[in-house]
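What follows is each chain in one-letter form.
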Amino acid sequence: MAQIGRNAPCPCGSGKKFKHCCGRSEGAMPGAPVAELFLRAQQAQGEGRVWEAGMLYESILAREPKHADATHYLGMVALQAGDFAKAQALVSKSLELNPRDGFYWMNQGLIYQRQKETEKAVEAYQTAVTYMKDNPGLWFNLGNGLMELRRLDEAIAAFQRSVALHAGDWQVWMNLGTTYLLRHSDEQDSREALSCFEKMIKLAPGRGEGYNGKALALFNLGGLAEALQMVNEAVRVDPKLANGWYNLARLHLEMLDVDSALAAYQRAVQLSPDTTEFYAAIGDTLSMVGKFDKAQEFFAKAYALNPADLRALGQLLENEVTPERLDQAEASINAATDESEGVTALLFILGRIYDKRDQFDKAFDYYQRGNRIRKKQVDFDRAAHTRAINQLITAFPADRIAELQKWGNASDRPILILGMPRSGTTLTEQVISAHSRVTGGGEREFWADAWVRIEKGSWSLDSKGVAQIAQAYLDDLASIKGAEASQRVTDKMPGNFLRIGLIHSVFPNARIIHCRRNPIDNCLSIYFQTFAGHHPYAYDLDDLAFYHQEYQRMMAHWREVMRQDRLFEFDYEDLVADQEGTSRRLLAFIGLEWEDACLDFDKNERIVRTASIRQVREKIYTRSVERWRNYEPYIGPLLTLLPGA
């Protein structure tokens, strides 16, 4: 900020030296009219001569203490100097003098936003728009505040108003696209986001953020290869874009390419070493390949950067329980006044810790508290779920499947592993993918997305549509690292039990493995897990019992309508009791010769991205069988699933 020498001419135009005029303690400027002083102050402020502008505003106020504009802009000078308290006081005073000035309210909102008081900022912006409806910058600021508060519908409306008034601002298109990605309520949101980022790229082709956002939209629309190409373009255009490297890592993980993902995450950390999320992501990735000790180093870095982050504390505690961390975690939970993701995650982790210690009362209390929070955040409509099951039964009778199979793809490359979540699907994939001729594909979103596209008319169930679906799925499997050298590829998305009719129609020769488990153990294991995906039934025992009964009804239909030599069903308990015998039957069903490596599945170093991330790194154990008996007093609704109940 430029300083005025005391022997320099006074900026008021009096002709005197500054020390004899405006530099005097009283600060009054006798030599120029107020209107002229205000214009000079505005010019000085606009040119960055903030200290000079402040002196001029003070000179005006010395003459006219109720000069609203001078009061207001002196407050903005204070904001530029980082004095939030003075800025707030002066801008508030200007609003007392002139409460109907939209610019005053807009700047009031800006001050609140700089101080992280976003709700107050939004209130100020909303008042401002009642006086300035045609100011694109004001609508942009309002949109930013609403986006920060996750009031996404309102944020989108505000950004849309801003671009309608001025379509040439790339920042508005970027934030509008980002808000569509955050809302992501349906495929249309991703298409809108894609359009926004394409407009941004035209306006600012040298900004990496546009390509980065476009990559995320493409990924949401199922274009993994296109998304990878676009995020690579983002970091080419702007090699210092940390979020670009972060998203590049995430896309490599989708392709199960851990080495490339870790390299990209490390680049993100180098560019933004104070971002907690980046360290946590590296820790998560290392955990996925069983490198828990190395992962702990990165979780510790994340926690050191932000000790208030309960998720980071939980990750540390999950890897290594120490008395100090456990006390800290319990104290943090008891002191928590919110229901954030970090609080919820820590509650489930504490439940797991006390379950392992056989302190079942305390464990269930933590699990129940976590589930009650999650239950508030989701809506499970039982009637709608029943209608969905009925629709699938109607859509895929035996004769319809036989008709579609005439157009189906003859490939037997896919191996579908499905069932209820927590039924043993990850363990089953670990056993099978230990075979030298199999690549584990993890949980693929393909079939759920395919059904949505069919319902919306994007894909059709005719000869052309079936061929299109089949090729798209084979392309998805081919994108997995290591798949090019394998005869078979697994897809272990549990929820594909809903899509068996579609899968069997498109790939008549694909092998489908149905993992079953004691229904009470299965549901209890779900209840003890907080899921990243959409599982709205998972957080209430009555909902779980209902969902399991509908799952059984769905599977009963598929047994009736599909070729039995394409469906293999087995119980998790059988694999635990007779690992080799069950594993041999699995391999025989797939049509692969036996390999002893399938018994040493715990040495399989492939990436695992499910809740069973730790269990599959251990030998098969029996402690999860009949586990429900430890919690029998608390799980009344699940007892209805007992045979004969």
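Because the structure is predicted, anything quoted here is derived from the model rather than measured. (Residues numbered from 1 in each chain as written. Predicted model: local features only at pLDDT ≥ 70, side-chain atom pairs only at ≥ 80, totals over all residues. Heavy atoms only, no water.)

**Student:** Any chance you could break down the overall build of the protein for me, citing the residues and the numbers?
**Tutor:** Each helix and strand in the protein was counted, giving 30 helices and five strands. Principal-axis analysis of the C-alpha atoms gives the protein an extent of 100 × 60 × 45 Å. Across the 645 residues in the protein, those meeting the buried criterion constitute 53%. Across the protein, contacts joining residues at least 24 apart in sequence account for 64% of those joining residues at least 6 apart. Element-wise, carbon and sulfur atoms account for 49% of the exposed surface of the protein, whose accessible area totals about 28400 Å². Taken as two groups, the 76 positive and 85 negative side-chain charges of the protein have centres that lie 5 Å from each other. (Helix = DSSP H or I, 4+ residues; strand = E, 2+ residues; numbered from the N terminus. Buried < 20%, exposed > 50% of the residue type's maximum accessible area, 1.4 Å probe, protein only. Contact = heavy atoms within 4.5 Å. Areas by Shrake-Rupley, 256 points an atom, 1.4 Å probe, with all protein chains shown as cover. Lys, Arg positive; Asp, Glu negative; His and termini not counted. Charge placed at Lys NZ, Arg CZ, Asp CG, Glu CD.)

**Student:** Just give me the short version of the confidence of the model for the protein, but keep the residues and values in it.
**Tutor:** Scored by pLDDT, the protein has a mean of 90; 92% of the residues are at 70 or more. Below pLDDT 50 for its whole length, residues 24–29 participates in 18 contacts with residues either more than four positions away or in separate chains. (pLDDT = per-residue confidence, 0-100.)

**Student:** Which residues make up helix 16 (residues 292–305), and what are the values?
**Tutor:** Over its 14 residues, helix 16 extends 20 Å from the first C-alpha to the last, a length consistent with the 20 Å expected when each residue adds 1.5 Å. Restricting attention to buried positions, one finds in helix 16 the residues Phe292, Ala295, Gln296, Phe298, Phe299, Ala302 and Tyr303. Here the buried face of helix 16 lies against helix 14 (258–271), helix 15 (276–288), helix 17 (310–319) and helix 18 (323–335). (Expected span 1.5 Å × (residues − 1).)

**Student:** Can you tell me about the packing of helix 3 (residues 68–80) against helix 4 (residues 84–97), naming the residues and giving the values?
**Tutor:** Contact geometry of helix 3 with helix 4 gives a least axis separation of 7 Å together with a crossing angle of 160°. As summarised for this structure, helix 3 and helix 4 are arranged roughly antiparallel, according to the angle between their axes. When you trace helix 3 past helix 4, the crossing you get is left-handed. Contacts between helix 3 and helix 4 involve Ala68, Thr71, His72, Leu74, Gly75, Met76, Ala78 and Leu79 from the former and Phe84, Lys86, Ala87, Leu90, Val91, Lys93, Ser94 and Leu97 from the latter. For the contact of helix 3 with helix 4, a count of residues per class yields 10 nonpolar, four polar and two charged. (Axes fitted to C-alpha atoms, helices over the stretch in contact; angles between N-to-C directions. Parallel < 35°, antiparallel > 145°, perpendicular 65-115°, else oblique. Left-handed = near helix turned anticlockwise from the far one by under 90°. Nonpolar A, V, L, I, M, F, W, Y, C, P; charged D, E, K, R; others polar.)

**Student:** Just give me the short version of the pairing of strand 4 (residues 511–516), but keep the residues and values in it.
**Tutor:** Counted residue by residue, strand 4 has five buried out of six residues, so it is predominantly covered. Alignment of strand 1 (residues 414–419) against strand 4, held across five bridges, turns out to be parallel. Paired with Leu418 across the two strands is His514, which belongs to strand 4. (Pairing = 2+ DSSP bridges.)

**Student:** Which residues make up the sheet that holds strand 2 (residues 438–440), and what values go with them?
**Tutor:** Across the sheet, five strands lie side by side as 2-3-1-4-5; this open sheet has parallel pairing. Either end of the sheet is taken by a strand with one partner, and the two such strands are strand 2 and strand 5 (567–571). Each strand of the sheet is rotated relative to its neighbour by a mean of 20°, with strand direction disregarded. Summarising the sheet, strand 4 and strand 5 pair through five bridges and their orientation is parallel. Counted as the bridge partner of Ile512 is Leu567 from strand 5.

**Student:** Give a detailed account of the packing of aromatic side chains, specifying residues and quantitative values.
**Tutor:** In the structure shown here, the tally under the stated rule is 32 aromatic pairs. With 3.7 Å between their ring centres and 10° between their planes, Tyr367 and Phe528 make a pair best called stacked. Pair noted here: Tyr367 is in helix 20 (residues 360–377) and Phe528 is in the loop between helix 27 (519–527) and helix 28 (541–561), with a separation of 161 residues, a long-range link. Phe528 carries the same exposure label as Tyr367, and that label is buried. Centroid distance Phe446 to Trp459: 5.9 Å. Interplanar angle 40°. Geometry classified as tilted. (Phe/Tyr/Trp six-rings, centres within 6.5 Å; stacked < 30°, edge-to-face > 60°.)

**Student:** An account of the side chain of Glu595 is needed here, citing residue identities and associated values.
**Tutor:** By the secondary structure assignment, Glu595 is in the segment after helix 30 (579–590). No salt bridge forms around the buried Glu595; measuring N to O, its nearest opposite-charge neighbour Arg437 is 6.5 Å away. Only 2.6 Å separates the side chain of Glu595 from the side chain of Ser436, close enough to count as a polar contact. When sequence neighbours within four positions are dropped, the list of residues in contact with Glu595 reads Ala434, His435 and Ser436. (Salt bridge = Lys/Arg side-chain N within 4 Å of Asp/Glu carboxyl O. Polar contact = N/O pair within 3.5 Å; in protein donor to acceptor, adjacent residues only side chain to side chain.)

**Student:** So what's going on with the state of the cysteines? Which residues, and what values?
**Tutor:** Under the criterion given, the structure shown has zero disulfides. Here Cys598 stays free of any disulfide, with the sulfur of Cys515 as its closest cysteine sulfur at 15 Å. (Disulfide = S-S within 2.5 Å.)

**Student:** Lay out the packing of helix 13 (residues 242–254) against helix 14 in plain terms, naming residues and giving numbers.
**Tutor:** Taken N-terminus to C-terminus, the directions of helix 13 and helix 14 make an angle of 165°; their axes are 8 Å apart at the nearest point. Here helix 13 lies roughly antiparallel to helix 14, going by the angle between them. Taken as a pair, helix 13 and helix 14 cross one another with a handedness that is left-handed. Across the interface between the two elements, Ala242, Trp245, Tyr246, Leu248, Ala249, Arg250, His252 and Leu253 of helix 13 pack against Ser260, Ala261, Ala264, Tyr265, Arg267, Ala268 and Leu271 of helix 14. Residue composition of the contact of helix 13 with helix 14, by class: 11 nonpolar, two polar and two charged.

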